[in-house]
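# Remarks on the overall topology
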Amino acid sequence: MDKIELGAHAKMIINNKAYSLIFELVQKNYMQAWSQTKPNQEELRETLYNTSVALEDVKRQIEALAVAGDNATFTKESEDK
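First, a word on scope: everything that follows refers to the structure included in this document. (Residues numbered from 1 in each chain as written. Predicted model: local features only at pLDDT ≥ 70, side-chain atom pairs only at ≥ 80, totals over all residues. Heavy atoms only, no water.)

A ring pair, where both rings are aromatic, is described by two values, the distance of the centres and the angle of the planes. Across all of its chains, the model carries 1 aromatic pair by this definition. Considering the side-chain rings of Tyr19 and Phe23, the 5.0 Å spacing of their centres and the 65° angle between planes classify their relative orientation as edge-to-face. Highlighted residues: Tyr19 and Phe23, both in helix α2 (residues 18-35), separated by 4 residues, approximately one helical turn. (Phe/Tyr/Trp six-rings, centres within 6.5 Å; stacked < 30°, edge-to-face > 60°. Helix = DSSP H or I, 4+ residues; strand = E, 2+ residues; numbered from the N terminus.)

Right, here's the structure in full:
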């Protein structure tokens, strides 16, 4: 799969109405779980925090792939002219 095709698939995911809602819901659940931990639950707190950060990384990567696909499309169209 090339950058253009991968970017198109990423854009389909982003354009899905559930995309933002799902990420927000999952993020909210992690933060709620984290807020209910006790200070002495260091390992659980760290795991929840790191998982929350990883979730944001996944979201950013999907969005970066969509942008990269658009850039590759623009480059290809410019070269074809």
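So, on to the pattern of salt bridges. Enumeration over the complete set of coordinates arrives at 3 salt bridges. Among the ionic pairs, Asp57 bridges to Arg60, the shortest N-O distance being 2.6 Å. Linking Asp57 with Arg60, this pair stays in helix α3 (residues 42-80), spanning 3 residues, or about one helical turn. Overall, Arg60 belongs to the partly exposed group, its relative accessible area being 46%. (Salt bridge = Lys/Arg side-chain N within 4 Å of Asp/Glu carboxyl O. Buried < 20%, exposed > 50% of the residue type's maximum accessible area, 1.4 Å probe, protein only.)

What follows covers a nonpolar patch on the surface. The grouping of Met31, Trp34, Tyr49 and Val53 at the surface amounts to a nonpolar patch, some 350 Å² of accessible area in total. Contributing elements (two or more residues each) for the nonpolar patch: α2 and α3. Note that Met31 resides in helix α2. (Patch = residues over 30% accessible without salt bridge, like charges linked within 9 Å, V, L, I, M, F, W, Y side chains within 5 Å. Areas by Shrake-Rupley, 256 points an atom, 1.4 Å probe, with all protein chains shown as cover.)

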